[in-house]
Amino acid sequence: GYNYLMENYPEGCEYPVLKIGQYPLPKKQLNQLIESCDEILVLEDGQPFVEKQLKGYLGIGIKVKGRLDGTLSQDGELNPDSVARAVGKENKSEFGIPLVVEMRPPALCEGCGHRDMYTTLTEVLKEEYPSHKVFSDIGCYTLGANAPFNAINSCVDMGASITMAKGAADGGLYPAVAVIGDSTFTHSGMTGLLDCVNENANVTVVISDNETTAMTGGQDSAGTGRIEAICAGLGVEPSHIRVVVPLKKNYEEMKQIIREEIEYCGVSVIIPRRECIQTLARKKKK
Ligand SMILES: Cc1ncc(C[n+]2csc(CCOP(=O)(O)OP(=O)(O)O)c2C)c(N)n1
Ligand code: SF4
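Rules used in this analysis
Residues numbered from 1 in each chain as written. Chains lettered and ligands numbered in written order. Predicted model: local features only at pLDDT ≥ 70, side-chain atom pairs only at ≥ 80, totals over all residues. Heavy atoms only, no water. Near = heavy atom within 4 Å. Polar contact = N/O pair within 3.5 Å; in protein donor to acceptor, adjacent residues only side chain to side chain. Areas by Shrake-Rupley, 256 points an atom, 1.4 Å probe, with all protein chains shown as cover. Helix = DSSP H or I, 4+ residues; strand = E, 2+ residues; numbered from the N terminus. Nonpolar A, V, L, I, M, F, W, Y, C, P; charged D, E, K, R; others polar. Bend = angle between axes of the 7 residues up to and from the residue. Buried < 20%, exposed > 50% of the residue type's maximum accessible area, 1.4 Å probe, protein only. Contact = heavy atoms within 4.5 Å. Core = buried A, V, L, I, M, F, W, Y, C linked by side-chain atoms within 4.5 Å. Salt bridge = Lys/Arg side-chain N within 4 Å of Asp/Glu carboxyl O. Phe/Tyr/Trp six-rings, centres within 6.5 Å; stacked < 30°, edge-to-face > 60°. Lys NZ or Arg CZ within 6 Å of the ring centre and 35° of its normal.

### Quick word on the site of ligand 1
Reasoning step 1: Taken together, the neighbourhood of ligand 1 is formed by 17 residues, with His114, Cys140, Thr184, Asn210 and Ala214 sitting nearest.
Reasoning step 2: Asp182 is positioned with one of its side-chain polar atoms (N or O) 3.3 Å from an oxygen atom of ligand 1.
Reasoning step 3: At 2.9 Å, a backbone N or O of Ser183 approaches an oxygen atom of ligand 1.
Reasoning step 4: In isolation ligand 1 offers 580 Å² of accessible surface; the protein chains occlude 72% of this area.
Reasoning step 5: Among the elements that make up the shell around ligand 1, the one with the highest residue count is helix α7 (residues 182-198) (four residues).
Reasoning step 6: By residue class, the composition of the shell around ligand 1 is six nonpolar, ten polar and one charged.

### Observations concerning α7
Note on helix geometry: an α-helix contains 3.6 residues per turn, so any two residues three or four positions apart are oriented the same way.
Reasoning step 1: At Gly189, α7 shows its maximal bend, which comes to roughly 70°.
Reasoning step 2: Within the sequence span of α7, burial applies to Asp182, Ser183, Thr184, Phe185, Thr186, Ser188, Gly189, Gly192, Leu193 and Cys196.
Reasoning step 3: Taken together, the buried residues of α7 touch α6 (160-170), β5 (176-181), β6 (203-208), α8 (227-234) and β8 (268-272).

### A word on the site of ligand 2
Reasoning step 1: With respect to spatial proximity, the complete set of residues near ligand 2 consists of Leu108, Cys109, Cys112, His114, Cys140, Asn210, Ala214, Cys276, Ile277 and Gln278.
Reasoning step 2: Its residues assigned to classes, the shell around ligand 2 comprises seven nonpolar, three polar and no charged.

### Brief notes about the nonpolar core
Reasoning step 1: With 47 residues, the main nonpolar core has Phe185 and Leu193 as its most contacted residues.
Reasoning step 2: Ignoring anything within four residues of it in the chain, the contact list for Phe185 reads Ile162, Ile180, Met190, Leu193, Ile207, Ile227, Ile230, Cys231 and Leu234.
Reasoning step 3: In terms of nonpolar packing, the next biggest core, distinct from the first, is built from eleven residues, Leu30, Ile34, Cys37 and Ile60 among them.

### Some words on the pattern of salt bridges
Reasoning step 1: In the structure shown here, the tally under the stated rule is 14 salt bridges.
Reasoning step 2: Residue Glu123 is joined to Lys255 by a salt bridge in which the shortest nitrogen-to-oxygen separation is 2.6 Å. Taken together, the residues span a long stretch of sequence, with Glu123 in helix α5 (residues 113-128) and Lys255 in helix α9 (residues 251-263) at a distance of 132 residues.
Reasoning step 3: Taking the relative accessible area as the measure of exposure, Lys255 reaches 11% and is therefore buried.
Reasoning step 4: Between Asp209 and Arg273 there is a salt bridge, with the nearest N and O atoms lying 2.8 Å from each other. Of this pair, Asp209 sits in the loop between β6 and α8 while Arg273 sits in the loop between β8 and α10 (277-285), and the two are 64 residues apart along the sequence. Taken individually, Asp209 and Arg273 each receive the classification buried, so the pair is uniform in this respect.
Reasoning step 5: Taken together, the shared-partner salt bridges connect Glu123, Glu252 and Lys255 into one network.

### Details of the packing of aromatic side chains
Reasoning step 1: The full count for this structure, using the stated rule, is four aromatic pairs.
Reasoning step 2: Taking 5.5 Å as the distance between ring centres and 50° as the angle between the ring planes, the aromatic pair formed by Tyr23 and Phe49 counts as tilted. With Tyr23 in the loop between α1 (2-8) and α2 (27-35) and Phe49 in helix α3 (residues 49-55), the pair connects residues that are 26 residues apart, well separated along the chain.
Reasoning step 3: Ring centres of Tyr129 and Tyr174 lie 6.3 Å apart, and the angle between their planes is 85°; on these two criteria the pair is classed as edge-to-face. Of the two residues, Tyr129 is situated in the loop between α5 and β3 (133-136) and Tyr174 in the loop between α6 and β5; the sequence distance between them amounts to 45 residues.
Reasoning step 4: Note on Tyr174: relative accessible area 31%, which makes it partly exposed.
Reasoning step 5: Lys89 extends its terminal NZ or CZ atom over the ring of Tyr9, reaching a point 4.5 Å from the ring centre.

Note that all results are geometric; they support no functional claim without further evidence.
Take a look at the structure:
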């Protein structure tokens, strides 16, 4: 928050600024700041932790602005532009994005198997199951949230995909689809899958297996070579553990399997498996 503020005031900020980098809060310095101001803006990433304390039990008698009163968005990270708006600088041209700059959100690599998985999954879901929701997870495949796929409805933390899909299915949502990576699955998705099995939840779980932990740099993945066995061991019916190779030539087969497993009332697992092209390229080079 401090750095974003300073980006907006390269010549120095015209308001008193207190940079907090400690807990418990530095009450003496805070009181000095409060005495010299009519209102306070809290620029804080993550949860409005300091802001709540200033409003609440520290009980300061002046206006506190930040995420709670809508001066800053309640979700998402701070950035120089959101901070500029919060300090009332939004219309100043020096903070506008030059027209020459194209938005370039991160994207899945060209040739990535997650792409083929999302292409087929979204084609089936958007065309044939408009009431669907896709609960995803943390990894390269989270980028399926971006265009052109726009395939993901939720992403919370490692392992949340399967449990959220189960909760939604229990609540009556159909089809409830989870998309999780092989590494995230063995990190914290297996427990959720066991829960689905124990209660025969009507969920379709896609374990997009690129045989590595790609997002963090291509480390080994704990379940490589054993994903089907793990699913079977947790109690998923072997006939509803379907392995596919995510390649264009297999799109029709993949779409048919996705349909079949969505139509199946119970726990099904689809495993699109093809190695991450980045780790594959590194291996080949070696
Ligand atoms: C609790 C927790 N531990 C570790 C991480 C770091 N992390 C981010 S993505 C990821 C795993 C990604 O691997 P995988 O699910 O196989 O997806 P891929 O990136 O290979 O597509 C990890 C460990 C995290 N986000 N949260
Ligand atoms: S690093 Fe690997 S898994 Fe990640 S987007 Fe690229 S090809 Fe896909």
